[in-house]
Amino acid sequence: LMVLCVALAAGPWGILGAVVQGAHGRFALLALVIFGPVTEEVSKIAVTLWVVEKRPFWFRSMWQIFLCAAIGGWVFAAVENLIYLHVYFPDPTSTLVRWRWTTCIGLHVNCSIVAGVGLVRIWDDAIRKRHRPRIWLGVPWFVTAMVGHGIYNATVVIAETVGWLD
């Protein structure tokens, strides 16, 4: 039950983080390629990270952490898709709908799983060695998720700019 609650809370928490960081104007590109991916990837795992840091004994296996990360990524992507397809693009093409529900879901779930590797490293070290969780053990995996997300966003911006997505 706790794993389900953590997993389902992760997605909306990520959306809240993404909405709060929104930028416009000349900083929009930086928001899309740097600030957005950083905010989203941190937000999607924030609830699970809190549990790993403050209550690591709530998790009994690394698979619970991966499940929380994956479901958090999926819920985030689903809510983001609903916003994109009903607010930003109220009359989307079938191609956009298909792309949002396949590629974008895959991106968010996979980035969350990569960040989940970092969560598992923190949790496993704390449980095995019986000491306080060391957050720095997960940082390389969190950064990898952020960079992967940023590269994806940059690729989409470039493809849209040169007309490959028309």
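Here goes a summary of the coordinates provided. (Residues numbered from 1 in each chain as written. Predicted model: local features only at pLDDT ≥ 70, side-chain atom pairs only at ≥ 80, totals over all residues. Heavy atoms only, no water.)

1. Details of the overall build of the protein
- For the protein, the helix and strand inventory stands at five helices and zero strands.
- Secondary structure elements of the protein, listed N to C terminal, follow the sequence α-α-α-α-α.
- Split into buried and exposed, the 166 residues of the protein put 40% on the buried side.
- Counting contacts in the protein only where the partners sit at least 6 residues apart, residues at least 24 apart contribute 72% of the total.
- Total accessible area on the protein stands at roughly 9,500 Å², and carbon and sulfur atoms take up 70% of it. (Helix = DSSP H or I, 4+ residues; strand = E, 2+ residues; numbered from the N terminus. Buried < 20%, exposed > 50% of the residue type's maximum accessible area, 1.4 Å probe, protein only. Contact = heavy atoms within 4.5 Å. Areas by Shrake-Rupley, 256 points an atom, 1.4 Å probe, with all protein chains shown as cover.)

2. A short note on the pattern of salt bridges
- For the coordinates displayed, the defined rule picks out five salt bridges.
- Measuring nitrogen to oxygen at the nearest pair gives 3.1 Å for the salt bridge that ties R134 to D125.
- One continuous salt-bridge network, built from bridges that share partners, spans D125, K129 and R134. (Salt bridge = Lys/Arg side-chain N within 4 Å of Asp/Glu carboxyl O.)

3. Observations concerning the packing of aromatic side chains
- Tallied over the entire structure, the rule returns four aromatic pairs.
- An angle of 85 degrees between the planes, with centres 5.0 Å apart, marks the rings of Y84 and Y88 as edge-to-face. With Y84 and Y88 both in helix α3 (residues 62-88) and four residues apart, the pair spans about one turn of that helix.
- For Y88, a relative accessible area of 53% translates into the label exposed.
- A ring pair is formed by Y84 and F89, whose centres lie 6.4 Å apart and whose planes are at 15 degrees; its orientation type is stacked.
- Given the relative accessible area of 25%, Y84 is considered partly exposed.
- According to the relative accessible area criterion, F89 is partly exposed, its value standing at 41%.
- In this arrangement the basic side chain of R100 is found over the ring face of Y84, its NZ or CZ atom lying 4.1 Å from the centre.
- Seen from the ring of W99, R100 lies directly overhead, with NZ or CZ sitting 5.8 Å from the centre. (Phe/Tyr/Trp six-rings, centres within 6.5 Å; stacked < 30°, edge-to-face > 60°. Lys NZ or Arg CZ within 6 Å of the ring centre and 35° of its normal.)

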